[in-house]
Amino acid sequence: LSPRIEQGLVFGGYIGFFAAMLYTGRHFYGSVLRRACGLRSSENVGACSIWGMRVFLVGFAVFVADIALLGLDWQLALLYGLLTVVIFAVMGRIIAETGLFFIAPYLYPCVFILGFVGDQSLGPRALMIMFILTCMVLIDPRETFMPYMMNTVKLIDDNRLRLGRTTMLSLAAVFVGLAVAVPVTLYFAYDRGVNWEDGFATKAVPVYAAEGAIRARTRLMAQDTLAQAESVRGWGRFAGMKPDRRFMISFGVAVAGVILFSVGRLHFARWPLHPVMFLVWPGYAGYMMAWSFLGGCFIKTMVTRYGGVQSYQRLKPFMFGLIAGDVIAGLLVIIMGLIYNLHTGNLPKTYWVLPG
């Protein structure tokens, strides 16, 4: 939970990509916002979009107010909420536009705020609040609900199905899943204890907030600025900003790169590179998935160039079969592990079905 060069790169990519999304959809988003607030708009906006915006605005206000009630200045709570929206909105767009289903950006609003404002303007108390909140709700954003729902909505839209009916079925599935998962999780947690096999969740995450706050407090004490940092409030936090230089440089480079590549894609039909590369190249997910996507891109390019559209369509079932075979192989391993456990009473050998 500290500003580093690689986090600056990814955060810059996300901010730049979000800015490009707002720019390209500015007329639609503006019309939806006006209609959601009861104002007139020249564009025809669907009721789903209007009510979606209203639910978002109410939910966002509640989220920011809840953070402020924890003791954080409303300015920081608002900034934290906006950065959270940026993270999940861009993750959803990545999945919908590229099909990259495994995204582990490890982006935290508290790190962005710390990198821009500096610990001397925040103080240990504000940092501790943001660190604990991050560890509770944002520590591993690769397994969150919104990006998967964005992928579902994209598939519905591509197949021209009714969004309302699918939404109700999705909500029913969520409630059924929670009704099953919550009691089962509580039962096993109390019956079997903590799952120490997940070292990240059980050993690393619980100490992140305390370590980050103690590190900041020790640094401020060494600089003899602890009392000043603890006395700053409200807008005064931004008056004495001391950004992290390396974080800012990497952030600016990524923002400029994403905007440049976005402009290239909008104005040149043969622009070869997608700006999403700035969002996914650093980090575990990028390392694990890059070669699979590059291999798929190479196969698609060769088939379409030398075989044409018909060969591409004929090859589709084969590629779907590869995916299905991989999924079935993973299920077979799970079933074999269950049978092994029932016969021997021992846990089976660990096997990673997915890279994370």
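Our subject is the structure that appears above.
The rules we used
Residues numbered from 1 in each chain as written. Predicted model: local features only at pLDDT ≥ 70, side-chain atom pairs only at ≥ 80, totals over all residues. Heavy atoms only, no water. Helix = DSSP H or I, 4+ residues; strand = E, 2+ residues; numbered from the N terminus. Buried < 20%, exposed > 50% of the residue type's maximum accessible area, 1.4 Å probe, protein only. Salt bridge = Lys/Arg side-chain N within 4 Å of Asp/Glu carboxyl O. Core = buried A, V, L, I, M, F, W, Y, C linked by side-chain atoms within 4.5 Å. Contact = heavy atoms within 4.5 Å. Phe/Tyr/Trp six-rings, centres within 6.5 Å; stacked < 30°, edge-to-face > 60°. Lys NZ or Arg CZ within 6 Å of the ring centre and 35° of its normal. Polar contact = N/O pair within 3.5 Å; in protein donor to acceptor, adjacent residues only side chain to side chain. Expected span 1.5 Å × (residues − 1). Bend = angle between axes of the 7 residues up to and from the residue. Patch = residues over 30% accessible without salt bridge, like charges linked within 9 Å, V, L, I, M, F, W, Y side chains within 5 Å. Areas by Shrake-Rupley, 256 points an atom, 1.4 Å probe, with all protein chains shown as cover. Disulfide = S-S within 2.5 Å.

### Things to note about the environment of D73
So, point 1. Within the secondary structure, D73 sits in the loop between α3 (47–69) and α4 (74–98).
So, point 2. On the basis of relative accessibility, which here comes to 14%, the residue D73 falls in the buried class.
So, point 3. Sequence separation between D73 and C48 is 25 residues, and the spatial gap between their C-alpha atoms is 34 Å.

### Digging into the pattern of salt bridges
So, point 1. Inspection of every chain in the model, using the stated rule, returns eight salt bridges.
So, point 2. Note that R265 and E97 form a salt bridge whose closest N and O atoms lie 3.4 Å from each other. Here E97 lies in helix α4 and R265 lies in helix α12 (residues 245–267), a separation of 168 residues in the sequence.
So, point 3. We classify R265 as partly exposed; its relative accessible area is 41%.
So, point 4. Residue classification places E97 among the partly exposed positions, given a relative accessible area of 33%.

### A word on the nonpolar core
So, point 1. One finds Y14 and V90 to be the most contacted residues of the largest nonpolar core, which totals 59 residues.
So, point 2. Residue contributions to this core peak at 12 residues, all from α4.
So, point 3. Discounting chain neighbours no more than four positions away, the residues touching Y14 are V86, I87, V90, M91, I94, I103, P105, L107 and L279.
So, point 4. Among the nonpolar cores identified, the runner-up in size contains five residues, and V32, A36, I50 and M53 belong to it.

### Describing the packing of aromatic side chains
So, point 1. One pass over the full model with this rule turns up 15 aromatic pairs.
So, point 2. Both rings, one in W235 and one in F238, keep their centres 6.0 Å apart while their planes meet at 50°; by these two values the pair is tilted.
So, point 3. Taking 5.5 Å as the distance between ring centres and 75° as the angle between the ring planes, the aromatic pair formed by F261 and W271 counts as edge-to-face. Taken together, the residues span a long stretch of sequence, with F261 in helix α12 and W271 in the loop between α12 and α13 (277–280) at a distance of 10 residues.
So, point 4. Three or more aromatic residues joined by ring pairs make a cluster, and in this case those are F11, F112, F116, F247 and F251.
So, point 5. Over the aromatic face of Y23 sits the side chain of R26, whose NZ or CZ is 4.1 Å from the ring centroid.
So, point 6. Directly above the aromatic system of W51 lies the positively charged group of R54, at a separation of 4.6 Å from the ring centroid.

### Structural notes on the side chain of S250
So, point 1. For S250, the position within the fold is in helix α12.
So, point 2. Within the structure, S250 has its side chain in polar contact with the backbone oxygen of I5 (distance 3.2 Å).

### Re unusual backbone geometry
So, point 1. Positive phi values are uncommon outside glycine, yet Y106 reaches one of about 50°.
So, point 2. With respect to the helices, strands and loops of the structure, Y106 is situated in the loop between α4 and α5 (109–117).
So, point 3. Assessed through its relative accessible area of 25%, Y106 is described here as partly exposed.
So, point 4. Positive phi, close to 60°, is recorded for D224, a residue that is not glycine.
So, point 5. Here D224 is to be found in the loop between α9 (199–222) and α10 (226–231).

### Structural notes on the side chain of S262
So, point 1. Tracing the chain through its elements places S262 in helix α12.
So, point 2. S262 gets classed as buried once you look at its relative accessible area, which sits at 12%.
So, point 3. When neighbours within four sequence positions are excluded, S262 is seen to be in contact with A20 and P275.

### Considerations on α9
So, point 1. Compared with the 34 Å implied by 1.5 Å per residue over 24 residues, the 33 Å span of α9 between its first and last C-alpha is a close match.
So, point 2. The largest bend in α9 amounts to roughly 40° and is located at Y208.
So, point 3. Its buried side turned inward, α9 meets α6 (119–137) and α10.
So, point 4. Just beyond α9, the residue with positive phi is D224, at close to 60°.

### Here we look at a nonpolar patch on the surface
So, point 1. Together, M168, L171, F175, L178, V182, L186 and Y190 make up an exposed nonpolar region whose accessible area comes to about 800 Å².
So, point 2. Relative to the assigned elements, V182 resides in helix α8 (residues 163–192).

### Examining the state of the cysteines
So, point 1. Taken as a whole, this structure holds zero disulfides when the rule is applied.
So, point 2. With no disulfide of its own, C48 has C37 as its nearest cysteine by sulfur position, at a separation of 18 Å.
So, point 3. Take C48: its relative accessible area is 54%, and that puts it in the exposed class.
So, point 4. As a non-bridged cysteine, C110 has C135 as the owner of its nearest cysteine sulfur, 7.5 Å distant.

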